[in-house]
Amino acid sequence: MHDGLTEGFDFQTLKTNGIKVNYLYVCERKLWLFDRGIQMESSSDKVLIGKLLGEFSYPREVAKEMLIDNLINIDIVGSDEIREVKHSNRLAHADRIQLLYYLYYLKQLGIEKRGVINYPKMRKRQEVILTSDAEKEVEFALVRVQEILSTDKPPQLQRKPYCAKCAYYEFCFG
Ligand code: SF4
């Protein structure tokens, strides 16, 4: 079935968790470890984001969380935009692909919106638009996620600037 812009792409087979698409851009090894159920991530991120969300004022009518197919969990769904709230833009490239994926996913359901990433701590906002190039990027990302997760061993260790802050640091370097 040709479901996307990329030849042979089948969204129904390749759709996955938003967090996995995010991790693809953070670290392929982290993605693999997370997928195998090696979950060392503390809940502190979620707690922090929840706290920030509470402190950050949105118009009441748009403040709505949406979970779709148990795969994507959008922080805020408004009439023409969806928003994600992140506590830092340290991994902005990963935040961007995750939100593009959400926009792509919604488009498959016949819903077209634009995306906004809020970094309330830094008083920044980043607009994210699903262009046709961005759609292809999402499709390549989903194909790549599947490639990585179909291997028996985790991708080779490659130190990154943010390893020290990663929940898998002890696993990788301990
Ligand atoms: S510690 Fe570094 S190499 Fe290991 S999973 Fe985390 S980001 Fe990847």
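Refer to the structure above for everything that follows.
Owing to the predicted nature of the structure, the values given are computational and were not obtained by experimental measurement.

Could you give an account of the environment of G18, with specific residues and numbers?
For G18, the position within the fold is in helix α2 (residues 18–26). On a C-alpha basis, the gap between G18 and L100 in space is 9.8 Å, while along the polypeptide they are 82 residues apart. In this structure G18 touches L71, I72, Q98, Y101 and Y102, once residues within four positions along its chain are discounted.

Any details on unusual backbone geometry? Residues and values, ideally.
In this structure, N70 is a non-glycine residue whose phi angle is positive, near 60°. For R123, which is not glycine, the phi dihedral falls at a positive 55°. Take R123: it is sitting in the loop between β5 (114–119) and β6 (124–128). You can call R123 exposed: its relative accessible area is 76%.

Break down the sheet that holds strand β3 (residues 76–77) for me, with residues and values.
The four strands lie next to each other as β3-β4-β5-β6, forming an open sheet whose pairing is mixed. Bordering the open sheet on either side are β3 and β6, each of which pairs with just one other strand. Both strand β4 (residues 81–85) and β5 contribute to a ladder of five bridges, which runs parallel. The residue bridging R83 from the neighbouring strand is V116, located in β5. Docked against the sheet, helix α5 (residues 92–108) engages β4, β5 and β6, running at close to 150° with respect to β5.

Tell me about the environment of I74, residues and numbers included.
The topology assignment puts I74 in strand β2 (residues 72–74). Sequence separation between I74 and Y102 is 28 residues; the distance between their C-alpha atoms is 7.6 Å. Contacts of I74, omitting those with residues within four sequence positions, involve K64, E65, M66, I68, I82, R83, E84, Y102 and L106.

Residues and numbers for the site of the ligand, please.
The immediate surroundings of the ligand are formed by C27, K30, L157, Q158, C163, C166, Y168, Y169, C172 and F173. With three residues, helix α7 (residues 169–173) is the single largest residue contributor to the shell around the ligand. The class makeup of the residues in the shell around the ligand is eight nonpolar, one polar and one charged.

Just give me the short version of the pairing of β5, but keep the residues and values in it.
The element β5 is largely enclosed, with a buried count of five among its six residues. Taken together, the five bridges between β5 and β6 define a ladder with antiparallel strand orientation. Bridge pairing links N118 to R125 in β6. Hairpin remark: β5 followed by β6, antiparallel, with four residues in the connecting loop; positive phi at R123, about 55°.

Help me get a handle on the nonpolar core, residues and values and all.
I72, I74, I82, L100, Y101 and L142 are the most contacted members of the largest nonpolar core, which totals 43 residues. Among the elements of the structure, α1 (11–14), α2, α3 (28–35), β2, α5, β5 and α6 (132–149) are those that each provide at least two residues to this core. Ranked by the residues each element gives to this core, the list is headed by α5, at ten residues. If sequence neighbours within four positions are ignored, Y101 has contacts with F11, K15, T16, N17, G18, V21, I72, V138 and L142.

Could you give me a rundown of the side chain of D95, with the residues and numbers involved?
In this structure, D95 sits in helix α5. Despite being buried, D95 has no salt bridge partner; K86 is the closest side chain of opposite charge, sitting 4.1 Å away. Side-chain polar atoms of D95 contact the side chain of Y119, separated by 2.9 Å.

Cut-offs applied
Residues numbered from 1 in each chain as written. Predicted model: local features only at pLDDT ≥ 70, side-chain atom pairs only at ≥ 80, totals over all residues. Heavy atoms only, no water. Helix = DSSP H or I, 4+ residues; strand = E, 2+ residues; numbered from the N terminus. Contact = heavy atoms within 4.5 Å. Buried < 20%, exposed > 50% of the residue type's maximum accessible area, 1.4 Å probe, protein only. Pairing = 2+ DSSP bridges. Axes fitted to C-alpha atoms, helices over the stretch in contact; angles between N-to-C directions. Near = heavy atom within 4 Å. Nonpolar A, V, L, I, M, F, W, Y, C, P; charged D, E, K, R; others polar. Core = buried A, V, L, I, M, F, W, Y, C linked by side-chain atoms within 4.5 Å. Lys, Arg positive; Asp, Glu negative; His and termini not counted. Salt bridge = Lys/Arg side-chain N within 4 Å of Asp/Glu carboxyl O. Polar contact = N/O pair within 3.5 Å; in protein donor to acceptor, adjacent residues only side chain to side chain.

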